[in-house]
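# Summary of structural features
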Amino acid sequence: MLGLCTVSPDRGAAEGRHIEMSQQAKEVEETVEGLLLRLEEFCSLADMIRSDTSQILEENIPLLKAKVMEMRGIYAKVDQLEAFVKMVGHHVSFLEAHVLQAERDHGALSQALRKWLGSSGLPAFGNKLWTPAAPTFELPALYRTEDYFPVDAGEATRRAPSCQRL
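It should be emphasised that the depicted structure is a prediction, and the values quoted were computed from it without experimental measurement. (Residues numbered from 1 in each chain as written. Predicted model: local features only at pLDDT ≥ 70, side-chain atom pairs only at ≥ 80, totals over all residues. Heavy atoms only, no water.)

## Comments concerning the overall build of the protein
In terms of regular secondary structure, the protein is built from 4 helices and 0 strands. In the protein, which comprises 166 residues, the proportion classed as buried is 4%. For the protein, the accessible surface area stands at approximately 15200 Å², while carbon and sulfur atoms represent 62% of it. (Helix = DSSP H or I, 4+ residues; strand = E, 2+ residues; numbered from the N terminus. Buried < 20%, exposed > 50% of the residue type's maximum accessible area, 1.4 Å probe, protein only. Areas by Shrake-Rupley, 256 points an atom, 1.4 Å probe, with all protein chains shown as cover.)

Next up, the structure:
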């Protein structure tokens, strides 16, 4: 009975190695297939990044350039406004100095004269105060706002002048 089922020891070992090698080959094949699948996913991701990059370059960059040009115009207007405000500040300081000088020249004299004449007790001076003829004051030539901020013809007719220069 022992003779019926005898397998040579060399043949059994070879078959065992063959089975073991085919299992290893399957594992290697599965690993290679997994790596190929991951490589395919990576390639599709790289293609998607390329398409997004080209979309950005073709669509978004020109929009950004247009916004940059628009902002440059705004910055130029802001610079002009800053220069205008600085100039107006200088003119205000100049006019304040002129007003203070005019008050010193004309205001102090007339007030002192009024006090002196009023304190004299004369009824003619109490009712009607004599004021000396004040020299006319020439307004210095300044800027015109319209030169810096032009007004449309339609808008100019709607606005009533708030202050007129004599």
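## Considerations on a nonpolar patch on the surface
On the surface, Val28, Val32, Leu36, Leu39 and Phe42 cluster together into a nonpolar patch covering about 490 Å² of accessible area. Note that Leu39 resides in helix H1 (residues 9-119). (Patch = residues over 30% accessible without salt bridge, like charges linked within 9 Å, V, L, I, M, F, W, Y side chains within 5 Å. Salt bridge = Lys/Arg side-chain N within 4 Å of Asp/Glu carboxyl O.)

## Comments concerning the environment of Asp47
Secondary-structure assignment places Asp47 in helix H1. Asp47 gets classed as partly exposed once you look at its relative accessible area, which sits at 45%.

## Focus on the pattern of salt bridges
Two side chains bearing opposite charge may form a pair once their charged atoms approach each other closely. Using the criterion set out here, one finds 2 salt bridges in the structure. Among the ionic pairs, Arg50 bridges to Asp47, the shortest N-O distance being 2.7 Å. Taken as a pair, Arg50 and Asp47 lie in helix H1 at a separation of 3 residues, close to a single helical turn. Between Glu70 and Lys67 there is a salt bridge, with the nearest N and O atoms lying 3.8 Å from each other. Of the two residues, Glu70 and Lys67 are both situated in helix H1; the distance of 3 residues between them amounts to about one turn of the helix.

## A word on the confidence of the model for the protein
Regions with low pLDDT carry predicted coordinates that are not meant to be interpreted in detail. Per-residue confidence for the protein gives a mean pLDDT of 76; residues scoring 70 or more make up 63%. The spread of mean pLDDT over the elements of the protein runs between helix H2 (residues 123-127), the lowest at 51, and H1, the highest at 85. Here residues 157-166 is modelled with pLDDT under 50, and outside its nearest four sequence neighbours on either side it reaches 3 contacts, counting other chains as well. (pLDDT = per-residue confidence, 0-100. Contact = heavy atoms within 4.5 Å.)

## Here we look at a negative patch on the surface
Taken together, Glu27, Glu29, Glu30 and Glu33 make up a surface patch of like negative charges. Along the polypeptide, Glu30 turns up in helix H1. Given the relative accessible area of 57%, Glu30 is considered exposed. (Lys, Arg positive; Asp, Glu negative; His and termini not counted. Charge placed at Lys NZ, Arg CZ, Asp CG, Glu CD.)

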